[in-house]
Number of protein chains: 2
Amino acid sequence: MSNLKLLAQSLGLSITTVSRALDGYADVAPATRERVQAAARAMNYRPNPAARSLRRRKAEAVAVTLPTEPGRFGPPIFLNMLAACGQRLAEEGLDLMLLPTAGRAGEMDTYRRVLDGRRADAVIVVRTRLEDERVAFLTERGIPFVTHGRTARPDEHAFIDGDGEAGFGDAARALAALGHRRIAHIAAPQDLTFAHLRRQGWLAALADMGSPDRLEYTAPPTEAGGYEAAQWLLRQSAPPTALLCATDSMAIGALSALKERGLAAGREIAVIGHDNLPSAAFTDPPLSSMEIAAPDVGRQLAEMLLARLGGREARELQTILPVRQVPRATHGPAN
Amino acid sequence: MSNLKLLAQSLGLSITTVSRALDGYADVAPATRERVQAAARAMNYRPNPAARSLRRRKAEAVAVTLPTEPGRFGPPIFLNMLAACGQRLAEEGLDLMLLPTAGRAGEMDTYRRVLDGRRADAVIVVRTRLEDERVAFLTERGIPFVTHGRTARPDEHAFIDGDGEAGFGDAARALAALGHRRIAHIAAPQDLTFAHLRRQGWLAALADMGSPDRLEYTAPPTEAGGYEAAQWLLRQSAPPTALLCATDSMAIGALSALKERGLAAGREIAVIGHDNLPSAAFTDPPLSSMEIAAPDVGRQLAEMLLARLGGREARELQTILPVRQVPRATHGPAN
DNA sequence: TTGACTTTCCAAAACGTTTTGGAAATCTAG
DNA sequence: CTAGATTTCCAAAACGTTTTGGAAAGTCAA
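Summary of the structure given here. Bear in mind the structure is a predicted one, so any value in this text is a computation, not a measurement.

1. Focus: the overall build of chain A
- Each helix and strand counted, chain A has twelve helices and twelve strands in total.
- Against the 2.2 N^0.38 benchmark of 20 Å for 335 residues, chain A shows a C-alpha radius of gyration of 25 Å, more extended than a compact globule.
- Within chain A, the fraction of its 335 residues that count as buried is 54%.
- Taking contacts inside chain A between residues at least 6 apart in sequence as the whole, the part at least 24 apart equals 68%.
- Carbon and sulfur atoms provide 51% of the accessible area of chain A, an area that totals close to 14100 Å².

Right, here's the structure in full:
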C-alpha cells in the first residue's frame, strides 16, 4: 500500500534517507532515524519484496523440491522438519518455497527453472542419494545449499544427518547381546543414502559377531514394502529371529506379516524400526524404534543454511546427530 | 543471466518487441516472433521474476500457512495434497510458498506480513475452523483464496471438502444394520470444521435409529488422543460396541487401548476411522476406514484457486467430494 | 493518387527499492 | 578565522520487466 516515496513525502525527507534510516545505516541522525521508524510503523509500511529483490539481486527465498512419488509421501516427521526450518528462515525474512516435482527428470528441470530464474538464493536438498545429480548441479553453479542426509562424498558439501550407521550397529549388537544370531535386515533402496548407511551399520555389527548369514531383502520404504520383505524372509529355510527395519513404516508392515503367520513379535521374533513415528507407540505390541537425539533438526538445518548464505565454508557445516534407541515391546531375548 | 536487453541487442530489435513477442501479442509479425522465440531458447532466457512481478504488481505466488503445533503435524496425506496442488500451480508459473507459523496468533501475523508485503496473490487455507479469522481477514481484504474444508458459512467462499458428514452417517448406519446399538464417537476438537461435520453425521445416524445414548469423547486428533478416548469410553458403565473415530490416527490409538483391555477389534468391538492412511491396511486387524473418493484433491484445489484468480465467483467454486467406505477387518456384526 | 486503415515496430515511462557519489552544514583544530 | 574533517542528507542511476502512446511503413478502396 504505502511505499518509500509516500513515507518520504509525509516526513519531508528524501527517499534515500528514509531507506537508509530503515536499514540502520550510520549516516542518518539518530533523531531522524527514530522519526522515520515511527512513521513507518504508523503507516504500516512494508518494503515491496519484488522491488527489493530486483535491486538487491537476491530472491530472499529458499527452495526445496519434493519428489512426489505417486500415492505416497515421506513420514509426517518430514513436514514437521520443513515447518521448523521455514519458521527459522522466516525470522530472517526468507520465504520457503515448496517445489513439488514429478519424478527425477522433472526435478532437474525444476532446479534449472528456479535457479536460472533466480527465484531462490539457496536450496535444501531432501531424500539425498549417494550419487545425487542435484548436489552436482548445485555445486557446479555455486548455489548455497544444505542436504538433509549425506551423499557418497559428504566432505564436499554442507549437510545435516542422523548417525543411522551407528544407530543400526547399536541395535544389531543389542539384539546379538540378547542371544539373536540370525538378524535380518529389511532394507530400503540403496541409492538413498540413509538406507545405505543403515545397512552399513547392520553389516558392521554382523562382522563384529563373526558374520553369520547375511539375511536381507530390499523393498520400497513403505508398510507394503516391509510386509513383502518380512514375508520373503520368513519363507527362507533358516528364517531370522530378528528383523532390523530401515524405517518404522516398513516395521509396521513387517509386524502385519508376522501376525499373519501367527508369530508373536517381541517373544518369538524381534522387530526394530527407525524414526519413532507417533504411531510406533501404538502398534501391537508397541514398536521398538530409534530416533535422532535432537529436538529440532529443521531449525538446525535452517541455521546451517543461513551460515552458508553468510559465507561460511561448507566443510565447517557438517552435522551428524546421534541416534538414540527407543526400546519398546517388539524385541527381547532370543529363544 | 541473460535479459531482455541482451536478447534485443543480439536480434537487432527493441526490448519492447522482444517482450511482446515472447508474451504472444498480436502486434508482432509471425516471422519475428519465431526468430525471437528461437533466440530466447538458444540463450536460455528466463524472465526475472522480481522485475516481472514488480511491474505487473503481482507476486506470482500462492501462500499456505502451516500452523505448526509442537511435536506433531497432520497426516502424510496432507503433504501429498500440497505437492499435487503445487505441481498444478507450477504449470501456471505460480510458486507455492510454505509459511509455517507458531500457533494461531502467529498465523495472523504471518498473513498480515505476507499480504501487506504482496508476497502472494492468493492463499490456501488449511485446517479450516468453523469460525475462522483467516477467512474473515482474507474476505475483508479481497484476496482470492480457497479453503481446504468448510467454515460455518461455507456459501461465502470457495472451498473443497470431503463429505465427512455423509461418510460418518453411512458408517454409523452400516454399524446399526450390523446390530450395533451403542455406537460411540471419538471426536476431534469441534472448532475444526471437519471434526464438527463428522460428528454431525454420526448424530444424524443416531437420530435415525431412535437416538439411544450419545456416547462420545473429544480428544486431540492423534494416536494418543484416540487411546485416551477409547480408555474413557470403555470405563463407562454401559460401554459401546462400536467406535467411530474422527481420524485413522485416533482409530490406531483406540485399537491399542482395546488390545490392552483384551478386547478383539472386529469381533468383540467395532472400530472405524477416516483418511485411509497407508498404515491403515497394516494394523492388527486391518483398520476399516473411509476416504475421499477422488484421486487428486490437491490438483482440484489448485484448479479452483486458478479459477478464482481468473475472476470466477467464489460461489461457483464450492466442491464437496463424496466419501467412500473402505471396509476392512475392524468391524463386523454386533454380538 | 490520396486518404484512411493495418501492420509492425519502438522510445520512454513506469513499478519500488538500493546504492553511488557527492553536497551542504556543522564541528574541530590550529 | 579558516582549512579540513565529520555529520547528515539527497539526486539520480540502477535493477529487468511491462505497458502506453505513438510512428513509420505497407495496404486498400475509391
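Having seen the structure, we can now continue with the description.
2. Description of the pattern of salt bridges
All names here are of chain A.
- Applying the stated criterion across every chain yields a total of 46 salt bridges over all chains.
- Where E291 meets R324, a salt bridge forms, and the shortest distance between an N and an O atom there is 2.4 Å. Residue E291 is found in strand 10 (residues 289-292), and its partner R324 is found in strand 12 (residues 323-326); the two are separated by 33 residues along the sequence.
- For R324, a relative accessible area of 40% corresponds to the partly exposed category.

3. Let's talk about the protein's contact with DNA strand C
- Taken together, 28 residues sit near DNA strand C, with L4, S19 and R55 of chain A together with T16 and R57 of chain B positioned nearest.
- At the protein interface, 59% of the atoms of DNA strand C within 4 Å belong to sugar or phosphate.
- Take Y45 of chain A: an N or O atom from its side chain is 3.0 Å from a sugar or linking oxygen of DNA strand C.
- In the model, a phosphate oxygen of DNA strand C is placed 2.8 Å from a nitrogen or oxygen of the T17 of chain B side chain.
- Listed by contribution, the elements that provide at least two residues to the surface near DNA strand C are helix 2 (15-22) and helix 4 (49-56) of chain A together with helix 2 (15-22) and helix 4 (49-56) of chain B.
- Split into classes, the residues belonging to the surface near DNA strand C amount to ten nonpolar, nine polar and nine charged.

4. Some points on the environment of R127 of chain B
- Tracing the sequence through the fold places R127 of chain B in the loop between strand 3 (122-125) and helix 7 (133-141).
- The spacing of R127 of chain B and T65 of chain B is 62 residues in sequence and 9.8 Å in space, taken between C-alpha atoms.

5. A few points about the relation of the copies chain B and chain A
- Expressed as a screw operation, the relation of chain B to chain A combines 0.0 Å of axial shift with a rotation of 180°, fitting to an RMSD of 0.0 Å. The superposition operator between the copies reduces to a two-fold rotation axis.
- Of the residues that chain B buries at the interface, 100% are likewise interface residues in chain A, meaning the two copies contact each other through the same surface.

6. Some remarks on the packing of helix 1 (residues 4-11) of chain A against helix 2 of chain A
Residue and element names in this part refer to chain A.
- Across the interface, helix 1 lies against helix 2 with an axial gap of 8 Å and an inter-helix angle of 105°. On the basis of their axis angle, the class for helix 1 and helix 2 is roughly perpendicular. Taken together, the residues of helix 2 that come into contact with helix 1 (itself represented by L4, K5, L7, A8 and L11) are I15, V18, S19 and L22.
- Looking at side-chain class alone, the contact of helix 1 with helix 2 contains seven nonpolar, one polar and one charged residues.

7. So, the protein's contact with DNA strand D
- The environment of DNA strand D is made up of 28 residues, and the closest members are T16 and R57 of chain A together with L4, S19 and R55 of chain B.
- Among the atoms of DNA strand D close to the protein, meaning within 4 Å, 59% are from sugar or phosphate groups.
- R57 of chain A has a polar side-chain atom sitting 2.6 Å from a phosphate oxygen of DNA strand D.
- Going through the elements one at a time, helix 2 and helix 4 of chain A together with helix 2 and helix 4 of chain B are the ones with two or more residues in the surface near DNA strand D.
- When the residues that make up the surface near DNA strand D are grouped by side-chain class, the tally is ten nonpolar, nine polar and nine charged.

8. Notes on the sheet that holds strand 7 (residues 216-218) of chain B
Residue and element names in this part refer to chain B.
- Taken in spatial order, the four strands of this open sheet run 7-6-8-9, and their pairing is parallel. Each of the sheet's edge strands pairs with one partner strand only, and the pair in question is strand 7 and strand 9 (270-272). Pairs of neighbouring strands in the sheet enclose a mean axial angle of 15°, with direction left out of account.
- Sheet topology places strand 8 (residues 242-245) next to strand 9; three bridges connect them, and they run parallel. In the sheet register, A242 faces strand 9, and the bridge partner there is A270.
- Along the sheet, helix 8 (residues 164-177) makes contact with strand 6 (183-187), strand 8 and strand 9, crossing strand 8 at roughly 170°.

Conventions used here
Residues numbered from 1 in each chain as written. Chains lettered and ligands numbered in written order. Predicted model: local features only at pLDDT ≥ 70, side-chain atom pairs only at ≥ 80, totals over all residues. Heavy atoms only, no water. Helix = DSSP H or I, 4+ residues; strand = E, 2+ residues; numbered from the N terminus. Rg over C-alpha atoms; globule rule 2.2 N^0.38 Å. Buried < 20%, exposed > 50% of the residue type's maximum accessible area, 1.4 Å probe, protein only. Contact = heavy atoms within 4.5 Å. Areas by Shrake-Rupley, 256 points an atom, 1.4 Å probe, with all protein chains shown as cover. Salt bridge = Lys/Arg side-chain N within 4 Å of Asp/Glu carboxyl O. Near = heavy atom within 4 Å. Polar contact = N/O pair within 3.5 Å; in protein donor to acceptor, adjacent residues only side chain to side chain. Nonpolar A, V, L, I, M, F, W, Y, C, P; charged D, E, K, R; others polar. Least-squares fit on C-alpha atoms with pLDDT ≥ 70 in both. Axes fitted to C-alpha atoms, helices over the stretch in contact; angles between N-to-C directions. Parallel < 35°, antiparallel > 145°, perpendicular 65-115°, else oblique. Pairing = 2+ DSSP bridges.

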